[in-house]
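One letter stands for each residue in the lines below.
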Amino acid sequence: MKPRNGVQFSLILAALGVVYGDIGTSPLYALRESFHLSHLPLTSPNVLGVLSLILWALILIISIKYLLFILRADNRGEGGMLALSSLVNPRAPRGRRSWLLLMLGLFGTALLYGDGMITPSISVLSAIEGLTIVTPVFQPYVEPITIVILVLLFAGQSRGTAAVGRIFGPVMLTWFIVIAALGVRSIIAEPQVLAAINPVHAVHFFLHNGWTGYFVLGSVFLVITGGEALYADLGHFGRAPIRAAWFSVVLPALILNYFGQGALLLRDPSAVTNPFFRLAPTWGLMPLVALATCATVIASQALISGAFSITMQAVQLGYAPRVFIEHTSSQERGQIYVPLVNWGLMLSCIGLVLGFGSSSRLAAAYGVGVTTDMVITTILFFVVIYRRWKWSLPFAVLFAGIYLFIDLAFWGANLVKVPHGGWFPLVVALILFTLFSTWRSGRLILSQRLQQQSRPLAEFIDEISEKKPLRIPGTAVFLFRNLNAVPHALLQNLRHNKVLHERNVILCVQTSEDAHVPNSERLELRSYDHNFYTVLITYGFNDEPNIPEDLKLAARKNLVFNPEDTTYFFGRENLIATHTPGMALWREKLFAWMARNARSAPMYFQIPSGRSVEVGTQIEL
């Protein structure tokens, strides 16, 4: 029992460091912006009303919606938008409704990249701004220091986060203890702030402030911006540690700190410029700034790692071209590094810091993408609870309707941010959605074109038995999309070299809608006359492809591959955009460009460079 409890505690500690970095650093700016952006008068009813909204947002959205319900919608233990999309009804015929749900999930996934750009920028910037509370001398250096920290953060990604990850949990535990203590200290001095627990104060806040009170929701939403990241990290820790960390540490610490900031504002309205850092005594300001900087770096790391994971899933599921993905740990599956995404995020974060200049201006842009994601999550979750969990339609509509109403309220309040920078995550999402959808559609069209030009495998084998071409020793593995057709690379090899290998294997790789596929289900083999074989290898969207390694599984079915006499043949299509019905011409050109710049199949599937041959084929789209 002791070891099990020990493991559980270590997972809870790790969840504190990775899962709750984003939402845990929201106290740096969330309450401040609720009054700053809306120019809300600092009266006692307004302070209590905003605190009540914050408290019940944390309870209704994070505690109930995500922790109790959304976390149950896992795909073999994995969470996130793509995992949820795969649960909607993956094997149903692709009708208009299924297509719309798929596109919603894809757009939601694209939105997460915009969040991955804004979160490191606003988190680190808000922490460094604490230096100006110590002395105004630091004001000109806030942006340069922030940029240096961001550059160091992204530059260290290639080394992996395994070593740094060991200190994430303890640092964040320290962070939550400190912010809770600061809150308690302030609440003791102004205990009347505890009245905000009553939701009546939130109702009165709306009644007295009208539309101004409604638009404050756009800032209140900043306290729950880590909800989607929380769901995406499900696969790393599991439901129990994530829930335990929230209810035992994170939620109490956040509530105490927000209420402590509210108590400070009731005593000293001038503290609204930065209520978080003004909670600390003068002697504790510099240590608090240092701790806040560490916490925001950890929060940024979680979003960056999430962007890497999303990219790998998108590649595996066929929404994005192959990119270089480096596995930085031989023990941990989730420890990956994607250079293209890393440097793209870094440049975007630096651009945001320089372009907006302060965390308050960035807060004006933050929230549009996250609220849109939450609306999409609720819609997809409704389909899951109704179709897969078999809830009754009235109950499913009631549950989803309540949360859709709340999500749409937050979403509408955030729409006013669009002209002030909220357009940024939407533009990023639109660009990535265009790339994702173009790649997916282009692959389908390419498969159709190849199918039209392919010969049936059975017919080809019969022809081989008649013509009896020269056979040479060794095994040839041809990667192809259709196991019932002859790969173009095989035909080209026979046409030009006039020989066939002793054994010929047609290999198709597909990605399951499941996160992981066990070895016992990964390989399917079928044998034909004249030493022809077809092999189907199935990966989960979070599995790492390694064809030479997985072909060893064929030994269980009496087909043994000798690495020294196995040659892998790949087709390299030269794509030409045409006016043939398919996609718009500009999208066909975009798809052809993406295909040319994709990582080569041999590298992606970990084929030894000396054992692979690429054969070119021209295809008109």
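Residues numbered from 1 in each chain as written. Predicted model: local features only at pLDDT ≥ 70, side-chain atom pairs only at ≥ 80, totals over all residues. Heavy atoms only, no water.

A few points about the nonpolar core
Item 1. Ranked by internal contacts, the top residues of the largest apolar core, which has 177 residues, are Y20, L58, W175, F176 and W246.
Item 2. With 15 residues, helix α6 (residues 96-128) is the single largest residue contributor to this core.
Item 3. Apart from residues no more than four positions distant in its own chain, F176 is found in contact with L16, Y20, G24, V249, V250, A253 and L254.
Item 4. One finds A476, V486, L490 and F532 within the second-largest nonpolar core, a separate group that totals 21 residues. (Core = buried A, V, L, I, M, F, W, Y, C linked by side-chain atoms within 4.5 Å. Buried < 20%, exposed > 50% of the residue type's maximum accessible area, 1.4 Å probe, protein only. Helix = DSSP H or I, 4+ residues; strand = E, 2+ residues; numbered from the N terminus. Contact = heavy atoms within 4.5 Å.)

Topic: empty space enclosed by the protein
Remark: the empty space left among the atoms is shown by a probe the size of a water molecule rolled over them.
Item 1. Counted by the stated rule, this structure contains three cavities of 30 Å³ or more.
Item 2. If you add up the space inside the largest cavity, you get close to 310 Å³.
Item 3. Forming the walls of the largest cavity are 25 residues, and the residues nearest its centre are L112, A229, A232, G306 and I310.
Item 4. Considering every element that reaches the lining of the largest cavity, the biggest residue donor is helix α16 (residues 285-316), with seven residues.
Item 5. Here the lining of the largest cavity is composed, by residue class, of 12 nonpolar, nine polar and four charged. (1 Å grid on protein atoms, 1.4 Å probe; cavity = no way out; pocket = protein on both sides within 12 Å on 5 of 7 lines; lining within 4 Å. Points joined across faces, edges and corners; volume = space filled by probe spheres on them. Nonpolar A, V, L, I, M, F, W, Y, C, P; charged D, E, K, R; others polar.)

Notes on the sheet that holds strand β3 (residues 470-479)
Item 1. Here we have six strands laid out as an open sheet, ordered β5-β6-β4-β3-β7-β8, and mixed in their pairing. Taken across any chain shown, the strands that pair with only one partner, and hence form the sheet edges, are β5 (523-528) and β8 (612-620). Shown here is a sheet whose adjacent strand axes are inclined to one another by a mean of 25 degrees, direction ignored.
Item 2. Note that β5 and strand β6 (residues 532-539) share six bridges and pair antiparallel. Looking at β6, one finds that L523 is bridged to I537.
Item 3. The strands touched by helix α22 (residues 457-467) are β3, β4 (499-511), β5 and β6; relative to β6, the strand with the most contacts, the crossing angle is about 150 degrees. (Pairing = 2+ DSSP bridges. Axes fitted to C-alpha atoms, helices over the stretch in contact; angles between N-to-C directions.)

A closer look at a nonpolar patch on the surface
Item 1. A cluster of nonpolar residues, W211, F215 and V416, forms a patch on the protein surface that exposes about 330 Å² of accessible area.
Item 2. Classification of W211 by relative accessible area gives exposed; the value is 63%. (Patch = residues over 30% accessible without salt bridge, like charges linked within 9 Å, V, L, I, M, F, W, Y side chains within 5 Å. Areas by Shrake-Rupley, 256 points an atom, 1.4 Å probe, with all protein chains shown as cover. Salt bridge = Lys/Arg side-chain N within 4 Å of Asp/Glu carboxyl O.)

Here's the deal with the packing of aromatic side chains
Item 1. Here the structure, examined in full by the defined rule, presents 25 aromatic pairs.
Item 2. For the pair F381 and W389, a centre-to-centre distance of 5.4 Å together with 90 degrees between the ring planes defines the contact as edge-to-face.
Item 3. Note that R72 overlies the ring of W389, its terminal NZ or CZ placed 4.6 Å from the centroid.
Item 4. One Lys or Arg, R503, reaches over the ring of F561 and ends 5.8 Å from the middle of that ring. (Phe/Tyr/Trp six-rings, centres within 6.5 Å; stacked < 30°, edge-to-face > 60°. Lys NZ or Arg CZ within 6 Å of the ring centre and 35° of its normal.)

Looking at the pattern of salt bridges
Item 1. Considering all chains together, one arrives at 10 salt bridges under this definition.
Item 2. Two residues, R32 and E129, come together in a salt bridge whose shortest N-O distance is 3.9 Å. With R32 in helix α3 (residues 30-36) and E129 in the loop between α6 and α7 (131-134), this residue pair connects regions lying 97 residues apart in the sequence.
Item 3. Measuring nitrogen to oxygen at the nearest pair gives 2.8 Å for the salt bridge that ties K65 to D407. Pair noted here: K65 is in helix α4 (residues 44-69) and D407 is in helix α20 (residues 393-415), with a separation of 342 residues, a long-range link.

A look at the confidence of the model for the protein chain
Item 1. With 94% of its residues at a pLDDT of at least 70, the protein chain reaches an overall mean of 85.
Item 2. By mean pLDDT, helix α1 (residues 2-18) is the weakest element of the protein chain at 66, and α4 is the strongest at 94.
Item 3. In the predicted structure, residues 1-7 sits below a pLDDT of 50 and forms zero contacts with residues beyond four places in sequence or in another chain. (pLDDT = per-residue confidence, 0-100.)

Section: unusual backbone geometry
Item 1. Unlike most non-glycine residues, K390 shows phi in positive territory, near 60 degrees.
Item 2. As for its placement among the helices and strands, K390 is situated in the loop between α19 (368-388) and α20.
Item 3. Owing to a relative accessible area of 64%, K390 belongs among the exposed residues under this scheme.
Item 4. Of note in the backbone geometry, N531 takes a positive phi value of approximately 60 degrees without being a glycine.
Item 5. Following the sequence through the fold, N531 ends up in the loop between β5 and β6.
Item 6. Residue N531 is classed as partly exposed on the basis of its relative accessible area, which comes to 31%.

Looking at the environment of E524
Item 1. Checked against the element boundaries, E524 lands in strand β5.
Item 2. By relative accessible area, E524 is classed as partly exposed at 47%.
Item 3. Along the chain, E524 and G130 lie 394 residues apart, while their C-alpha atoms are 59 Å from each other.
Item 4. When neighbours within four sequence positions are excluded, E524 is seen to be in contact with T534, V535, L536 and K557.

Brief notes about the pairing of β3
Item 1. Where β3 and β4 come together, eight bridges link them in parallel fashion. Note that in β4 the partner of L479 across the bridge is L507.
Item 2. In the sheet, β3 pairs with strand β7 (residues 566-576) via four bridges, with the strands oriented parallel. Paired with F478 across the two strands is F569, which belongs to β7.

Some details on the packing of helix α8 (residues 142-155) against α16
Item 1. The N-to-C vectors of α8 and α16 enclose an angle of 45 degrees; their axes lie 11 Å apart at closest approach. By the criterion of interaxial angle, the relationship of α8 to α16 is oblique. Between α8 and α16 lies a crossing whose hand is right-handed. When α8 is examined against α16, the residues I149, L153 and F154 are found in contact with a partner set consisting of T293, V297, S300, Q301 and I304. (Parallel < 35°, antiparallel > 145°, perpendicular 65-115°, else oblique. Left-handed = near helix turned anticlockwise from the far one by under 90°.)

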